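One letter stands for each residue in the lines below.
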Amino acid sequence: MARKSEMMDAIEALAKAKDISVDQIVSAVEEGCKAAYRRYLKRSANAPLNLSVVLSREHDVQIFARKVVSEEVEDENQQISLEDAKRLGPNYELGDIVEMDVTPADFGRVAAQTAKQVIRQRLQDVEKGKIYDEYIEKENEILTGIVERVDAKGVYVELGRTHGFLDASEFMPGEEYRPGDHIKVYVLQVYRANKDVARTPQVAVSRIHPGLVKRLFEMEVPEIATGVVQIKSIAREAGSRTKMAVASTDAMIDPVGACVGPRGSRVDKVVSELKNEKIDIIKWSADPAEFVANALNPAFVEQVLQSDEEKICRVVVPDNQLSLAIGKEGQNARLAAKLTGWKIDIKSQTQYNELRGQEAVSVPEGNGSIIADDVEDYDKQPYHTDDETM
């Protein structure tokens, strides 16, 4: 082992290079020395169990065995008699802890190599801890990464000081990833390094989480970033369609228009990043009936009857709007239900009239309803990026 003064110089230089505290490295060195000593004496039945290490500029590395002063010695590895303790120091009493210098004279190369390995591992742990502290603040945020490699399990993404993993279950449908691609990812979770579990990389990311849409709009729409426009809820089927409900804290600012931007410039940037995923932007309402009607855009809604007890809305649409309201494979109705948090039962006008006409069936009006009499006024509220029938 090197002289302590040399070792301390090396520790201070390493601490500066790695931007970590000297105390952390000293702790690693101490653990390394303990491991080296135990390896050195691994064949000895009298190897002490409790060790301490002292490092200072004035001395070499010193290893001490800690033993309890006992009246009767039952375990020589952990106990020392009062008589033997008195030989080391006249003031020792029963129950005291005696530290005995057990540093071997030939504590050499093998021990030093063992210590070096433990130190290296500790430094890696410290580095992972620093990465955790830095990236834990980025959970639920967007990061731009570079695709490093792709395998059957997922995509490994460079995120600066660490790497992220985009699991195959978090891929956007139909999206392909190639090494060198720059992609925006949503940080799902940052893991604290665990020496018992190999978890590399430490950051799990996603391309399908609704939070990705939210953060993209925050980046593109100043009114959202400042809090004037609020995103109330998002329902997403990644790669296909997203519905987003927005509200404004300023009556002079149209929340839908702010998100769309001049000539659709703001929403177009988000759509482009999401590989042309369709986005419906609707005006949020505290009135569930109005909110549900807005959420079913682009379908025209004639009437909404709500049952607060069961949290179900019965929606009545013109006969020629039924398929549009339901959407392809039920997507429009499904997303509207996710967006609003209400179960939605959609009926055409003919179906609703037949249901009301059945004597054995009573159709309650519910606790509230809205009737959309003016198609033009209704169409001013929502915005969607594609006018095609779903």
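The sections below set out a description of the structure shown in this document. (Residues numbered from 1 in each chain as written. Predicted model: local features only at pLDDT ≥ 70, side-chain atom pairs only at ≥ 80, totals over all residues. Heavy atoms only, no water.)

Concerning the pairing of strand 11 (residues 241-248)
Then comes step 1: Counted residue by residue, strand 11 has seven buried out of eight residues, so it is predominantly covered.
Then comes step 2: In this structure, strand 10 (residues 229-237) lies alongside strand 11, joined through eight bridges in antiparallel fashion. Bridge assignment links Q230 to a residue of strand 11, and that residue is A247.
Then comes step 3: In this antiparallel pair of consecutive strands, strand 10 and strand 11, the connection spans three residues, and G239 shows a positive phi of 85°.
Then comes step 4: Across six bridges, the pairing between strand 11 and strand 12 (residues 278-283) is parallel. Considered in strand 12, the bridge of A245 is made with I282. (Buried < 20%, exposed > 50% of the residue type's maximum accessible area, 1.4 Å probe, protein only. Helix = DSSP H or I, 4+ residues; strand = E, 2+ residues; numbered from the N terminus. Pairing = 2+ DSSP bridges.)

With respect to the packing of aromatic side chains
Then comes step 1: Using the criterion set out here, one finds three aromatic pairs in the structure.
Then comes step 2: Taking 4.9 Å as the distance between ring centres and 50° as the angle between the ring planes, the aromatic pair formed by Y156 and F165 counts as tilted. The burial state of Y156 is the same as that of F165; both residues are buried.
Then comes step 3: With a centroid separation of 6.4 Å and 65° between ring planes, the pair formed by W284 and F291 is classed as edge-to-face.
Then comes step 4: In this structure W284 comes out as partly exposed when scored by relative accessible area, which is 30%.
Then comes step 5: Seen from the ring of Y135, K138 lies directly overhead, with NZ or CZ sitting 5.8 Å from the centre.
Then comes step 6: When the ring centre of W284 is taken as reference, the NZ or CZ atom of K232 above it lies at 4.6 Å. (Phe/Tyr/Trp six-rings, centres within 6.5 Å; stacked < 30°, edge-to-face > 60°. Lys NZ or Arg CZ within 6 Å of the ring centre and 35° of its normal.)

Brief notes about the environment of E12
Then comes step 1: With respect to the helices, strands and loops of the structure, E12 is situated in helix 1 (residues 4-18).
Then comes step 2: Distance in space between the C-alpha atoms of E12 and D23 is 9.6 Å, their sequence separation being eleven residues.

Some details on helix 9 (residues 288-295)
Every α-helical turn comprises 3.6 residues, leaving residues that sit three or four positions apart pointing alike.
Then comes step 1: By the criterion of burial, helix 9 is predominantly enclosed, with six of the eight residues buried.
Then comes step 2: For helix 9, the set of buried residues is A289, F291, V292, A293, N294 and A295.

Structural notes on the environment of Y186
Then comes step 1: Its location among the elements puts Y186 in strand 8 (residues 182-190).
Then comes step 2: Separated by 45 residues in the primary sequence, Y186 and E141 place their C-alpha atoms 5.8 Å from one another.
Then comes step 3: Ignoring anything within four residues of it in the chain, the contact list for Y186 reads N140, E141, A204, V205, S206, H209, G211, L212 and R215. (Contact = heavy atoms within 4.5 Å.)

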